[in-house]
Every structure is written in C-alpha cells, then in structure tokens.
Amino acid sequence: MFSKATKIYLKTHWYRHELVPIYAICAGALSVCGYFASRALRNPEVVWDKRNNPYPWLHVQQNENVKLMDPNGHFEKQWSRDRL
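Just so we're clear, the structure is a prediction, and the values are computed from it rather than from any experiment.

In this section: the packing of aromatic side chains. For the structure on display, the rule yields one aromatic pair. Plain terms: the ring middles of Y35 and F36 are 5.4 Å apart, the flat faces sit at 65 degrees to each other, and that makes the pair edge-to-face. Take Y35: its relative accessible area is 42%, and that puts it in the partly exposed class. Its relative accessible area of 46% is what places F36 among the partly exposed residues.

Below is the structure:
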C-alpha cells in the first residue's frame, strides 16, 4: 500500500518520542470536544423533529434536572431525551 520511502519516512518522523505527548493531548482534546458536543445536542432546547415533537422543553417536569451538574441537589431525577 505504501512505498518503501513512505514507510521509512513514517517510521522516522511519525513515531518520534517527542511527538507522543502532542498526540496524547490532541486525542484528549478531541474526546472532550466530542463529549461536550454530544451533551449540547441532547439538550431540550435543541429541536430535531419539528413535526412530532416541536417543543421538547415542554416535556421537562419540575423535579427533573437538565443541567450537567446540580450543586444544590434539589432535583430528584435527571432529564433524558426519550424521543427526538
């Protein structure tokens, strides 16, 4: 698949010990961004289906928490999106 020169280049430059922390930091940053993007897309303010569920925030009860963290502990259960 790769030519001999490409394999030699990748072996000498891609797998350098100095670059391993950069790869680890980039992978960690991408995973954190993916996590927060998935959390943001599951919020009740985001509307995916305008025909069947045009107002998903109306299905949130008063005792449900929609935030990521509840420091006061007033809510009994966590809200989850059961339908899009």
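Back to the text.
Attention now moves to the confidence of the model for the protein. In the predicted model, the protein carries a mean pLDDT of 77, and 76% of its residues have values of at least 70. Here strand β2 (residues 77-78) is the element of the protein with the lowest mean pLDDT, 68, and helix α2 (residues 20-41) is the one with the highest, 91.

The rules behind the values
- Residues numbered from 1 in each chain as written.
- Predicted model: local features only at pLDDT ≥ 70, side-chain atom pairs only at ≥ 80, totals over all residues.
- Heavy atoms only, no water.
- Phe/Tyr/Trp six-rings, centres within 6.5 Å; stacked < 30°, edge-to-face > 60°.
- Buried < 20%, exposed > 50% of the residue type's maximum accessible area, 1.4 Å probe, protein only.
- pLDDT = per-residue confidence, 0-100.
- Helix = DSSP H or I, 4+ residues; strand = E, 2+ residues; numbered from the N terminus.

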